[in-house]
Amino acid sequence: MIGYVLRRLVYSVPVVLVASFVLFWAVRAAFDPLAKLRQSRDPGLVQRETERLGLDKPVPEQYALWLKEFVTGNWGVSTRTSGDVRPMIADALWPTTQLIAWALLCGVLVAGSIAVFSAVHRYSWGDHLLTGLSYIGVAMPAFWFGLILIQLLAVGPMQYVDTDEPFLYFIGLHSPGESGFNLDYVRHLVLPVLTLTIALVASWSRYGRAAMLDSLSSDYIRTARAKGVRRRRIIWNHAARNALAPFVTVVALDAALLFGGLVVTEQIFSIPGMGRLFLDSLQAGDVYVLIPWMMIVAVAVVACNLIADLSYAVLDPRVRLR
Amino acid sequence: MSTTRNTNRSRLLAAVLGLVLLGTLGCTGGGSTANSQDPVADVPVRDGGEVVIGAEQEPACADWLSTCAGSIWGDWLMRRPTIPVTFDIRKDGDDWVAVPSDLLTGEPEVESTDKGMTITYSINPDAVWSDGEPITSTDFAYTAEQIRDGDNIFDKSGYDTITEVATPDPKTAVVHLDQQYANWRMLFSNTYGVLPAHLLEGKDRTATMRDGYSFSGGPWIIESWKRGTSVTLVPNENYWGDKPHLDKVTFTFIPDTAAAFQALKSGQVDALYPTPQLNAMSQIEAGLPGINSQVDPQSGNLEALWINNDAFPFDSEAVRRAATYSIDRDALVDRIYGAVDVEDPAQSFLSPLVSAYASDSFDQYELDLDEAASLMEEDGWSKGSDGIWEKDGRQASFVIHSLAGNKRRDLMLQILQQQFADAGFDVSIETTTPADLFTKVAPAGDFQMGLWTLVDYFPEPTLDQPFGSANIPTKTNGYSGINFGRVSIDELDPLLDETETELDVDKRIETTKAADKVIADSAASIPIVGIPNILLWNEKVGGTVSINPAEGPFWNLEAWGLAEQ
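Cut-offs applied
Residues numbered from 1 in each chain as written. Chains lettered and ligands numbered in written order. Predicted model: local features only at pLDDT ≥ 70, side-chain atom pairs only at ≥ 80, totals over all residues. Heavy atoms only, no water. Helix = DSSP H or I, 4+ residues; strand = E, 2+ residues; numbered from the N terminus. Buried < 20%, exposed > 50% of the residue type's maximum accessible area, 1.4 Å probe, protein only. Contact = heavy atoms within 4.5 Å. Areas by Shrake-Rupley, 256 points an atom, 1.4 Å probe, with all protein chains shown as cover. Salt bridge = Lys/Arg side-chain N within 4 Å of Asp/Glu carboxyl O. Buried area = accessible area lost by both parts, 1.4 Å probe. UniProt positions renumbered as here; feature names shortened; annotations may be inferred. Pairing = 2+ DSSP bridges. Axes fitted to C-alpha atoms, helices over the stretch in contact; angles between N-to-C directions. Parallel < 35°, antiparallel > 145°, perpendicular 65-115°, else oblique. Left-handed = near helix turned anticlockwise from the far one by under 90°. Nonpolar A, V, L, I, M, F, W, Y, C, P; charged D, E, K, R; others polar. Phe/Tyr/Trp six-rings, centres within 6.5 Å; stacked < 30°, edge-to-face > 60°. Lys NZ or Arg CZ within 6 Å of the ring centre and 35° of its normal. pLDDT = per-residue confidence, 0-100.

Quick look at the overall build of chain A now. A count of helical and extended segments in chain A gives 11 helices and zero strands. Taken from the N to the C terminus, the helices and strands of chain A come in the order α-α-α-α-α-α-α-α-α-α-α. By its C-alpha atoms, chain A is 85 × 65 × 35 Å across when sized along the principal axes. Relative to its 322 residues, chain A shows a buried fraction of 49%. For chain A, the share of sequence-separated contacts (at least 6 apart) that also reach a separation of at least 24 residues comes to 68%. Surface exposure of chain A reaches about 16,300 Å², of which carbon and sulfur atoms provide 66%.

See the structure below:
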C-alpha cells in the first residue's frame, strides 16, 4: 500500500505539471496582468513592469520563471491589492476548509442515512418521497436555493416574531467582533452548509441507495438472514459496511468539485474564502492569484482521486492495489 | 496642456473601470425624489453604540495614491473618514461647490502670474494627527512629491504641474505650479488628501498603508480591516472637529445585492448604499417596511452612448445627428428609472454634480424619425428592402460595446437596439470586461458606439477629457487620454483649453456651456441619464443622514448615531 501511494504521488507530479502549464498558458492568454497599471497612463511605468515581470518573454519562458518562484514559495504580488499572493490564499483557504469540512461531514451523515433508509424501505412512500426530493435537490441551482433559504429561515421569521435579530445569519462566518467556535458561528454556518450540501446529499443518497441495495441482495446477506442474525446487525454491520466503499469513492471524487459550488455559496453568504477570492481575482484579471488558485484546485483533484482509490482498497478487502 | 495633466482621476477611474460608482444627494423616504439640499433624516441621537453598514465592494488596497486603490468604496469606507483634505464638497443653492475644510483656516490665497500660479494654504493650528503630532506644511510637501514623482500613481493630474512646495513655517504651505490650473481646488482634496510625512517619510508607503493604517487626521480611525469580511472604524480621540456619536461603525462586505437587501430587511445590517440595479429599484418601489430611503438623481454619474467619430457610419455628422434623433431617451429613462422617479434624460455631458456648468443643449434632440430620415437622405443614404439605411453598398450597421453583467444596462441596450432598428439602423450588442473595454477596445478606437458611465466627484467641469482632441489616445502618446470617441472639432478645442485654465468661475461656466453646445450640435456622443444614488437605512440609525454626490453617503458619519427611543 505504501509503495502504491508513493508511486501514485510520483505519477501525480507530471500530471500536476502539465495541468499547471495549461492553466498558466490559459490564464496568461486571457488576462493582461498590467491592465490595472495601464490606467495610470504612464507608458514608461508599464514598460518597466513588463520587463520586470518578464511579460515580454515567450509564455514557456514565463512559465518556467513562474514555476521556479512558485515552488520556492514566492507566489508573486497581486495586481489587485499589491499584497503578497501566498498569505491571501492562505487567509482564503481557512474559511473554505471549514465550509468544506462541515459540508462533507453533514453531507455524508445525511446522505448515508437517507441511502440506508431508502434501500431498507425500498418502494415505500418514504423512499419515493426521498427520491423525488433528491431529484429536486440535484436540479436546484445553489444560488437560488441559498436565496430561498435566506428568505425562509432568516428573513421570513423576522416578519412574524418580535425580535431585533434573525435566528440564523447569512453574512460571513461571524458577526462583527465575534470569533471562534461558538453559537454565533453555528448560526452563521447553518445556511451556507445547507446550500453547499443540498446537491451533494441528493446525488450521494442515490449512489448510496444503489450500493446499499446491491449489498442487501448479496448472497452473504441472505446467508446471514438464514442464520438468524438480527435485522439491525445485518443492515449496519454487514450491508452498510460493504456499501461504504463505492459510496466513499463518490464522496472523495465529489469533494474536489466542492470548490465550484463554493464560488456561488461564498458569494451569496459573503464568506471571504477561496470562491470569493476566485471571483474577485477573475473580475480584476489578477493572474498572480488565479494561477496558484487553480493549482491548488488541481492538486486537490489529484489528491481526492488518490484518496478515492485508497479508500476503496481499505474498505473493500477484495481490492488490492499495486 | 498635456492629456495626462488634464486627466481627472474620477473621470479616468470611471472610464477605465466603467463602474457605476455612487455619490449624490437628496430625496425622500419611500423612493420619491425631493430637494437634495436638505437632509433626509435629522433624528435625535444618543452617544455610544454601534452601526453595521453593508458595503457592496471591498477596496483592493488602502494606499490611496496607488493604482490599486481604484474602488470608490475604499474612499467612502476608509480614506474620507481618516485622511484630511483641503476642500469639502457642500451644497450652495442648487449647486455643489468646493469649500475650504477645517484643515485650513480659510480659502487659500491664489496668485496667478505669467509663469504659473502660486497657492498658499494656511493650515488650522488645531489640526493634528491621531498621534498628537500637528499637521504641517511638510505633510503637504511630502504628499505632493509622492504623487508627482512616484511610480504606480493612479493619476498625477495637477500634481505634475507642481514645481515646488515651500514650507515657510509649519502651518503655511506654498505650492508653485508651472501653469494656470483651473481645477486647483482638487489638489490635496478629491481622492488624495494629505498624508503624514512624520510617519511615512523614508518608508515604503504602499507597504505601510496597503492593508490599512493606524494613523488618522479625520474624525475616525481604522480599528481593523479583515480582508473579505469587514472594516471597522472607531473615533479618533485627537480629532479637532466634531467628534463621532457612535463608538464603532462596521462596514461588512456583501457583494451580492439580493443578499444585501435581505440583510437590511432582517436587521443584520443597518444601512446600505446599493448600486441602482433593477431589483434594487423594484424593491424600493414595492416598499421596505421599517426602512428609510433616499433616492437622489443629482449624482456624479453620467451614463452615455459614446460614439467613435472616426468610425463608419459615425464619421458623418449627419449620421450621428440622425442616430440621436432616432432614440427616445425620455421613454428609455422612464422605463429604466421610473421606479425611482427619475424621468428626465441628461441634456449635457456634464453630470448633475457639475450642473452649474452644464447647458441643456441636447434638448434639441427628441425622438423624431422624420428628422432622422431627412438627415440620412441628405447625406446620401436610402433605405434598402430590409428597412436598413444603405449608402455606397454599405449598410448602417454598428455594434454597441458595453460591460457584461449589469442587468440594468442589459435592458437599456435591448431597448436601444429596438429603437435604432425602428429608425433603420442595424445594431448588435457586444459586452466584455472593464479591463478589455477600457484598456484595449476603447483606447484603440476599436468600436463604433459604446455604453458606459463617467463619474465625477469633484464639482469642476471635465469636458476636456472625453472631448479634447489632445486627449485622443494614440500609439504615439502611449494610448493616453480618454477621448475614446476621437472627437476633434476645431471650434471646440479652444473653448476646452480656456475652461481648463480660466480661473474666473463665471467665465468658466460661460465657456463650458458654449463647449457643451458645440458637442451637442455635432452629436459627438449622446448623453442618456444621470444615474441616481440610493441610500437605505433602518430606524435604528439616527442623526443627520443624506447623500453627498461627491463625498458619498458616509461623508458625515460622525453625525450618525443610534436614534433616541
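Of note, Gln268 of chain B is situated in the loop between α7 (257-266) and β13 (271-272). Assessed through its relative accessible area of 15%, Gln268 of chain B is described here as buried. Not counting residues up to four positions away in its chain, the partners in contact with Gln268 of chain B are Pro166, Leu168, Tyr169, Phe170 and Ile171 of chain A together with Val52 and Ala263 of chain B.

Okay, the pattern of salt bridges next. A full pass over the atoms with the stated rule returns 21 salt bridges over all chains. Put simply, Asp309 of chain A and Arg8 of chain A hold a salt bridge, and the shortest N to O gap is 2.3 Å. You can see Asp309 of chain A sitting in helix α11 (residues 287-315) and its partner Arg8 of chain A sitting in helix α1 (residues 2-30), a full 301 residues away along the chain. The class for Asp309 of chain A is partly exposed, based on a relative accessible area of 29%. For Asp521 of chain B, the salt bridge identified is with Lys517 of chain B, shortest N-O distance 2.9 Å. Of the two residues, Asp521 of chain B and Lys517 of chain B are both situated in helix α16 (residues 505-521); the distance of four residues between them amounts to about one turn of the helix. One network of salt bridges, with partners in common, ties together Arg80, Asp88, Arg90 and Glu551 of chain B.

Below, the discussion takes up the interface of chain A and chain B. Every contact between the two is made by 34 residues of chain A and, on the other side, 46 residues of chain B. Each partner contributes to the roughly 3,100 Å² buried at the junction of chain A and chain B, and carbon and sulfur atoms together form 56% of this total. Counting across the chain A and chain B interface gives one salt bridge. Ionic pairing is found between Arg48 of chain A and Asp151 of chain B, a salt bridge with its closest N-O pair at 2.7 Å. Broken down by secondary-structure element, the contributors of at least two residues to the side of chain A that touches chain B are α2 (43-53), α6 (142-160) and α9 (231-268) of chain A.

Before going further, it helps to spend a moment on the UniProt feature "transmembrane region" (unreviewed entry) in chain A. Residues and elements named next belong to chain A. Feature annotation in UniProt assigns "transmembrane region" (unreviewed entry) to the following positions: residues 9-31, 99-120, 132-154, 185-204, 243-269 and 289-315. Here residues 132-154 runs as 91% helix and 0% strand, with 26 Å between its end C-alpha atoms. Helix makes up 100% of residues 289-315 and strand 0%, whereas the separation of the span's terminal C-alpha atoms amounts to 38 Å.

All right, on to the pairing of strand β6 (residues 109-113) of chain B then. Residues and elements named next belong to chain B. With five bridges connecting them, β6 and strand β7 (residues 116-122) associate as antiparallel partners. When the sheet's bridge partners are listed, Ser112 is paired in β7 with Met117. Hairpin geometry of β6 and β7 is characterised by an intervening segment of two residues between the two adjacent antiparallel strands.

The next point concerns the sheet that holds strand β19 (residues 397-403) of chain B. Residue and element names in this part refer to chain B. Taking strand neighbours across the sheet as the criterion, the five strands line up as β20-β19-β21-β15-β22 in an open arrangement whose pairing is mixed. Of all strands in the sheet, those bounded by a partner on one side alone are β20 (426-432) and β22 (526-530). This sheet shows a mean twist of 25° between the axes of neighbouring strands, independent of strand direction. For β19 and strand β21 (residues 449-455), the ladder comprises two bridges, and the chain directions are parallel. Pairing of His401 across the sheet is with Gly450, part of β21. Against the sheet, helix α12 (residues 407-422) engages β15 (301-307), β19, β20, β21 and β22, with an angle of about 165° to β20.

In this section: the UniProt feature "domain: Solute-binding protein family" (unreviewed entry) in chain B. The UniProt record marks residues 111-461 of chain B with the feature "domain: Solute-binding protein family" (unreviewed entry), using the residue numbering of this structure. Between the first and last C-alpha atoms of residues 111-461 of chain B the distance is 21 Å; the span itself is 28% helix and 25% strand.

Residue and element names in this part refer to chain A. The interhelical angle for the contact between helix α4 (residues 85-120) and α11, taken along N-to-C directions, is 50°, at an axis separation of 10 Å. The orientation of α4 relative to α11 falls into the category oblique. Here α4 runs over α11; the crossing is right-handed. Between α4 and α11, the contacting residues are Val85, Met88, Ile89 and Leu93 on the first element and Tyr288, Val289, Pro292, Trp293 and Ile296 on the second. For the contact of α4 with α11, the per-class residue count stands at nine nonpolar, no polar and no charged.

On to the packing of aromatic side chains. Residues and elements named next belong to chain B. Across all of its chains, the model carries 41 aromatic pairs over all chains by this definition. Measuring from centroid to centroid gives 5.6 Å for Tyr121 and Phe188, while their planes differ by 90°, and the two rings are edge-to-face. One end of the pair, Tyr121, is in strand β7; the other, Phe188, is in the loop between β9 (172-177) and α5 (197-200), with 67 residues separating them in the sequence. You can call Tyr121 buried: its relative accessible area is 0%. Plain terms: the ring middles of Phe420 and Phe425 are 5.9 Å apart, the flat faces sit at 80° to each other, and that makes the pair edge-to-face. Feature note: the residues Trp306, Tyr325, Phe349, Phe362, Tyr365, Phe438, Phe447, Trp452, Phe467 and Phe484 constitute an aromatic cluster, connected by ring pairs. Lying over the aromatic face of Phe312, Arg394 brings its terminal NZ or CZ to 3.7 Å of the ring centre.

Helix-helix packing: each pair is described by the crossing angle between the helix axes and the interaxial distance. All names here are of chain A. One way to put it is that α4 packs onto helix α10 (residues 274-284) with a least axis distance of 7 Å and a crossing angle of 135°. Relative to α10, α4 is oriented oblique. Residues Met88, Ile89, Ala92, Leu93 and Thr96 of α4 pack against Met274, Gly275 and Leu277 of α10. By residue class, the composition of the contact of α4 with α10 is six nonpolar, two polar and no charged.

Residue and element names in this part refer to chain B. By the element assignment, Lys226 lies in strand β10 (residues 220-226). The exposure class of Lys226 is partly exposed, given its relative accessible area of 42%. Residues Lys226 and Arg486 lie 260 residues apart in sequence; the distance between their C-alpha atoms is 43 Å. Setting aside anything within four residues of it in sequence, one finds Lys226 in contact with Glu58 and Phe253.

Another point: the confidence of the model for chain B. All names here are of chain B. Confidence along chain B averages 89 in pLDDT terms, with 93% of residues attaining 70 or more. Across residues 1-38, confidence stays below pLDDT 50; counting only partners more than four residues off in sequence or on other chains, it has 182 contacts. The ipTM, which scores confidence in the relative placement of chains, is 0.84 for this predicted complex, and the corresponding pTM is 0.87.

Let us look at unusual backbone geometry. Most of the time, phi is negative for any residue but glycine, and the peptide bond is trans. Residues and elements named next belong to chain B. For the bond running from Phe312 to Pro313, omega is 0°, close enough to zero to count as cis. Secondary-structure assignment places Pro313 in the loop between β15 and α9 (317-326). Here Asn152, not a glycine, exhibits a phi torsion of approximately 60°, which is positive. Examined against the element boundaries, Asn152 turns out to sit in the loop between α4 (137-149) and β8 (162-169).

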